[in-house]
Amino acid sequence: MLKKKMNFKDSINSALAFSLKKDKNMICYGLGINDPKSIFGTTKNLSKKFGQNRVFDVPTSENALTGIAVGAAISGIRTVITHQRLDFSLLSMDQIVNSAAKWRYMFGGKLSVPITIRMILGRGWGQGPTHSQNLAPMFCNIPGLKVFMPTFADDAKRLLIKSIFDPNPVIFLEHRWLHELKDEDFLDKKPDSLSSNIISKGSDLTLISMSYLTLEALKAKKILKKIGINIEVVDLISLKPLNISKILKSIKKTNRVLILDTGFPYGSISSEILSLIYKNLNGKLKTSPISLTMPDIPEPTSFFLTKNLYIDHIKVVKTVLKMFKKSMNLKKLKKPEFHDVPGTWFKGPF
Amino acid sequence: MLKKKMNFKDSINSALAFSLKKDKNMICYGLGINDPKSIFGTTKNLSKKFGQNRVFDVPTSENALTGIAVGAAISGIRTVITHQRLDFSLLSMDQIVNSAAKWRYMFGGKLSVPITIRMILGRGWGQGPTHSQNLAPMFCNIPGLKVFMPTFADDAKRLLIKSIFDPNPVIFLEHRWLHELKDEDFLDKKPDSLSSNIISKGSDLTLISMSYLTLEALKAKKILKKIGINIEVVDLISLKPLNISKILKSIKKTNRVLILDTGFPYGSISSEILSLIYKNLNGKLKTSPISLTMPDIPEPTSFFLTKNLYIDHIKVVKTVLKMFKKSMNLKKLKKPEFHDVPGTWFKGPF
Amino acid sequence: MNSNLNFKLYYKMKLFREVELKIAMEYSSRKMRCPVHLSVGQEAVSAAFSQIVRKNDYAVSSHRPHLHYLGKGGNLKRMISEIYGKKTGCSSGKGGSMHLIDTSVNFMGSSAIVANSIPIGTGLALSLKLKNKINVSYIFFGEGALEQGVFYESVNFAAVKKIPAIFVCENNLYSVYTSLKDRQPEKRKNSKMVEAIGIKSFTCNGNNVFECYKIFNKAKQYVSKEKKPVFLEFFTYRHYEHCGPNKDDNLNYRPKNEINSWLKKDPLKNFTNNFTNAHKQKIKILDKEIQKKIKDAFEYAKKSPKPKLSDLRKDIYA
Amino acid sequence: MNSNLNFKLYYKMKLFREVELKIAMEYSSRKMRCPVHLSVGQEAVSAAFSQIVRKNDYAVSSHRPHLHYLGKGGNLKRMISEIYGKKTGCSSGKGGSMHLIDTSVNFMGSSAIVANSIPIGTGLALSLKLKNKINVSYIFFGEGALEQGVFYESVNFAAVKKIPAIFVCENNLYSVYTSLKDRQPEKRKNSKMVEAIGIKSFTCNGNNVFECYKIFNKAKQYVSKEKKPVFLEFFTYRHYEHCGPNKDDNLNYRPKNEINSWLKKDPLKNFTNNFTNAHKQKIKILDKEIQKKIKDAFEYAKKSPKPKLSDLRKDIYA
Ligand SMILES: Cc1ncc(C[n+]2csc(CCOP(=O)(O)OP(=O)(O)O)c2C)c(N)n1
Ligand SMILES: Cc1ncc(C[n+]2csc(CCOP(=O)(O)OP(=O)(O)O)c2C)c(N)n1
Ligand SMILES: [Mg+2]
Ligand SMILES: [Mg+2]
């Protein structure tokens, strides 16, 4: 059922509360989890409800905390860690890659590692080089990990519960600009099975996107429909495993593909998808496949330098028009006054 | 000039000695750098020649040591760090990604970070899940880094010197199975410009490979020539930046591509290359493009389980035969008795 | 009491306070579009530092670098411009408030990742030793950084290699909203801990600028003489929220009586009270200078040109 | 002196020694195709441990895990099979010598990455506290692991959370070929250091099995009573090369007199000398048992089936 009234952050909160209630052993920790801001509101009241033993704040020790989660998990305690920015998790790559991802396989399946690592991706308002990176490809490259990245509040809830009860380590990516959004702002109706990534049908182009960018994709679709371009929007939701057969089916129909990616280009999710399409279809598409990613540049902090950095629906529209060799009056498409905030309600500083 | 008599490890040693002599400020450190094994012989005698102040052993503190290199480098001291296995560098991902790769850009170009991080990749003899990973894609994904991975002793020397005198951070990947090899074992002649990755011309298939796998590619080429398949072998040498134009030119000629990759499949170097080919050529190749990688599985330790794990020339030959729908008598192609050692001289344990 | 030094300390503390207050005031106009971590309440440490540090000494800092940058002699106009994201910013707009640099005075950068710059400052100290310099490398961080493993790795390395590193911890009792009890063992003495790892430590009332001055001086002497690293811990308190331009005492994460007792220990007020009436005249002059300096800096920043869009692609590689 | 205990300690030490020597002997046949890190010379610690540890206690270890695994009650046959890469190996052949596990006795794994299992053992201790168990979590590592930041992070966490972790450091003075002087400050006392971080410490002659026994006992008592973690440091020495089946004293990275003085302190020899002639009979019987046990284990391993090639794809995900 689609509860369109709940925003993304409340969905996360509700998924955590549901899971903590369902599994009395489960624990959940991260910097600031109990503080007045409760990780952008996502962990509000959890420690009040479930006790400081199960929901607790921690020292700034990302690497040990990840290993501690592995230790708790292999002894039967499902654990959720939260990083306020994905970038901080780089300190724990040894534990993620050499322990969490391998503790099952390397010991012949004797144990499993039910941990979920929530990582929040920054964008805008001077997040700068070390508070804005989507390094999903690093995690996808590692056998033994799963990587989820939902867009809609409804999926977020379902997927976070799924992650927590998955016996394997899951990297759960949340885009900072989604937390305040409700599904009703974007969706009329939505398929309610997780495996169904095709969230809006079309015949002319397969537009594949992830997380926040799916909202820009849907906006672009609306605009392009006016000139008769019908876009099929695929929301990835799960980066690893990838539902590649859905994607291939869609492309066989549309014969055109454009991918929107919040990460850096080299070795990106979009490169992986394009290579899979190529290997599987080995065919000439109606137009060359395109991926829009962040440029291969550390993100600068200045408002002025991020002006044209982010992928938004206008960039998508322009790219599609080029693919179709069409034009339309773009003057009417107004950019928001400030490109660096998720909405006028955001006044900084974080 | 091609000094075919020098093996890979002596080339590395000679590049380090050359650089230490040329730049009196340069330093060089890593676990075991001065010990009796001197990092597989690559750092032999260096501290004797250049002093313990400049070539020194260190505590097992990979993360700090990387930051220390950044600090030394921004104050004008070129620094080379060595990890006996790439896998250990995961402990230092924060310093590699958030410091080394960004210290120049994030401060508006005020400083540069001339560090080289040598990482050795394990294979065979029970290296197992945490001593065998080629995680090159992680590094390639990061703006600000360069990633080199030479195959031939001659390139190794030239490229290591280039890395050391490059004002940017360079990840320098050495395959453990190359250290004892001499170029004369594999090459008759070799182009002597670094930008020239096409090491053996052919017209029927572009075979792209990296590092040790290039040797298997050359062996496969020899075998396939007998039945009239002419292979063009491209040795990547530099993973980032990629010399994609050379690759495209070759494929336009051969219209077929096979890539050999020592890493895991998802978000791999080979996926990146295929996606670039697709975006640039958007054409049907004579046969579907193929990449051979390690499977998406942590590497097991057991001799018996690694039996068919590695890419070798026989696997390459079989793959090519399939692409061409040809067959030949493979019985004569003898595998070495033990698939897990670089040569009979290797008796373990590391 | 050296009265000349006192005026210098006053000048720096007051300047630092007023700079931060001005940033807080202007922040609501939403032209400084990056997170800012103000050091109001913690001025004494950096003011004292400014009177000891030499130009050829190195320094690095954390997410809260404004006063370390200024204490090292960093250019005020370029810092404010950086926070405004302007081309004239010390990091050309690329770094923002958390990433300041002024290589002309050897302030070598600051990092938004907790403890990230600690090994970098350690590497700078190594470089001083290798080059046989008499200088030292100052490494600034909060007590939260003591929870990161890389701190210990760096201290251990500095001790083994006997390099001129001065580790400077400003312990303001909080990491964001989290108090020490959730993060560090009760009753732990950080200085004892670091001494046990292998280097000399000094602790200090971080709100008494004169004591801070004496400790920095001692540390410098020690490092020069012994050729060994040292760890300094200053106890202090921030008056504003962790990040941003407001006070947030309404959120109640810090006990009221704790806040009040620290407000009574305000480093600037207490120091100012020491001046006699005879000095007040001189102080007025200094205050005016300060106001002018700040006004100029903000005007400079506001008037400065934006970076060009093409600057985005500059300086990725050297 | 409890003579029953003495025989048990003897039995374990001798078994451990003979297992490692047998591995060394068989290694040259090149059927054990993975790196092996032997603990010859360090048997006392694990033998003492074996007499204190309870089945429901947890343990984890490092790249040198054989004796910790056996001390915890791990199955010998399955360990040898694992080193031979057989299907019957405790990790189904996937882990090799450095990755041992026996969940039936709560030996929860070992890691080839220095210090990597320290936080994992800490998480196991957290889990014991959460589940209100009286058990403890033993975490084995070498002194090289004290150079990794994650050790400090883990100790700090254990101290803050007051969890039943027993950190066990076997200080054998070397990390691979590198002596302490290149890695840790002169004259540092690790126990003092860890106490300053916030947890109780004990040090011990790691070559005296009875002293080791007493210290493990003390630690267990302390953790049970105080509900707090503890750090143990055992001074000991390895007789063989860091990795592999040979002695490597010809390489001269360890001073001759150091080697000789430690050989005189051989834990097994010295302990055996304590037995009276009356006991020698009993000891002979034990020795026979040991030889049989080892012979059986190696035969079992050699006869065991290889893993199937299809096992490669098993157990990646649960
Ligand atoms: C690795 C990492 N983890 C978490 C954060 C989020 N963070 C930003 S500032 C901060 C507080 C650090 O406290 P402290 O070191 O005491 O410095 P203070 O803010 O008190 O000056 C934290 C946790 C971060 N920037 N980097
Ligand atoms: C992160 C990491 N760095 C380096 C290594 C290489 N290495 C393997 S064992 C070892 C020695 C560790 O010494 P210590 O902890 O004292 O244990 P010991 O071998 O003496 O038992 C080293 C450095 C590694 N395995 N992991
Ligand atoms: Mg603080
Ligand atoms: Mg040791």
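Our subject is the structure listed above.
Cut-offs used in this document
Residues numbered from 1 in each chain as written. Chains lettered and ligands numbered in written order. Predicted model: local features only at pLDDT ≥ 70, side-chain atom pairs only at ≥ 80, totals over all residues. Heavy atoms only, no water. Salt bridge = Lys/Arg side-chain N within 4 Å of Asp/Glu carboxyl O. Helix = DSSP H or I, 4+ residues; strand = E, 2+ residues; numbered from the N terminus. Buried < 20%, exposed > 50% of the residue type's maximum accessible area, 1.4 Å probe, protein only. Donors = N, O, S within 2.8 Å, 3.2 Å for Na, K, Ca; no water. Near = heavy atom within 4 Å. Polar contact = N/O pair within 3.5 Å; in protein donor to acceptor, adjacent residues only side chain to side chain. Areas by Shrake-Rupley, 256 points an atom, 1.4 Å probe, with all protein chains shown as cover. Nonpolar A, V, L, I, M, F, W, Y, C, P; charged D, E, K, R; others polar. Pairing = 2+ DSSP bridges. Contact = heavy atoms within 4.5 Å. Axes fitted to C-alpha atoms, helices over the stretch in contact; angles between N-to-C directions. Phe/Tyr/Trp six-rings, centres within 6.5 Å; stacked < 30°, edge-to-face > 60°. Lys NZ or Arg CZ within 6 Å of the ring centre and 35° of its normal.

Peer 1: Requested: an account of the pattern of salt bridges, with residues and values cited.
Peer 2: With the rule as written, the count across this model stands at 56 salt bridges over all chains. Residue K295 of chain C pairs with E299 of chain C through a salt bridge whose shortest N-O separation is 3.7 Å. With K295 of chain C and E299 of chain C both in helix α11 (residues 277-303) and four residues apart, the pair spans about one turn of that helix. Classification of K295 of chain C by relative accessible area gives exposed; the value is 52%. We note a salt bridge from K181 of chain D to D182 of chain D, for which the minimum N-O separation is 3.7 Å. You can call K181 of chain D exposed: its relative accessible area is 63%. Three or more residues are tied together by salt bridges with common partners; here these are D154, D155 and R158 of chain A.

Peer 1: Hey, could you go over the coordination of the magnesium ion (ligand 4) for me, with residue numbers and the actual values?
Peer 2: All names here are of chain D. Taken together, E143 (OE), E143 (OE), N172 (OD1) and Y174 (O) make up the full set of protein donors to the magnesium ion (ligand 4), lying 2.0 to 2.8 Å away. All donors of the magnesium ion (ligand 4) belong to a single chain; written as a sequence motif, their spacing is E-x28-N-x1-Y. Taken as a pair, E143 in the loop between β3 (137-142) and α6 (149-161) and Y174 in strand β5 (residues 174-175) lie far apart in primary sequence, 31 residues in all. We note that E143, like Y174, is buried.

Peer 1: With reference to specific residues and values, describe the site of ligand 1.
Peer 2: Of all residues adjacent to ligand 1, which total 20 residues, the nearest are E62 of chain A together with H63, R64, A112 and N172 of chain C. At ligand 1, the nearby residues belong to more than one chain, namely chains A and C. Taking A112 of chain C, its main chain carries an N or O atom lying 2.8 Å from a nitrogen atom of ligand 1. At 3.4 Å, a backbone N or O of A145 of chain C approaches an oxygen atom of ligand 1. Notes on ligand 1: free accessible area 580 Å², of which the protein chains cover 96%. When its residues are assigned to classes, the shell around ligand 1 shows nine nonpolar, eight polar and three charged.

Peer 1: For the sheet that holds strand β5 (residues 146-149) of chain A, give the residues involved together with the corresponding values.
Peer 2: All names here are of chain A. The mixed open sheet is built from seven strands, whose spatial order is β2-β1-β3-β4-β6-β5-β10. With partners counted over all chains shown, the strands left at the sheet margins are β2 (55-56) and β10 (237-240), one partner each. Relative to strand β6 (residues 170-175), strand β4 (residues 115-121) is paired through six bridges, and the arrangement is parallel. Paired with L121 across the two strands is H175, which belongs to β6. Packed onto the sheet, helix α6 (residues 153-165) meets β3 (79-83), β4, β5, β6 and β10 and runs at close to 160° relative to β6.

Peer 1: I'd love a proper account of the packing of aromatic side chains, names of residues and values included.
Peer 2: All told, the structure shown has 56 aromatic pairs over all chains when counted by the stated rule. Measuring from centroid to centroid gives 4.9 Å for F49 of chain C and Y138 of chain C, while their planes differ by 70°, and the two rings are edge-to-face. In this pair, F49 of chain C sits in helix α2 (residues 43-52) while Y138 of chain C sits in strand β3 (residues 137-142), placing the two residues 89 residues apart along the sequence. Here the two residues F49 of chain C and Y138 of chain C agree in accessibility, since each one is buried. R33 of chain C extends its terminal NZ or CZ atom over the ring of F338 of chain A, reaching a point 4.1 Å from the ring centre.

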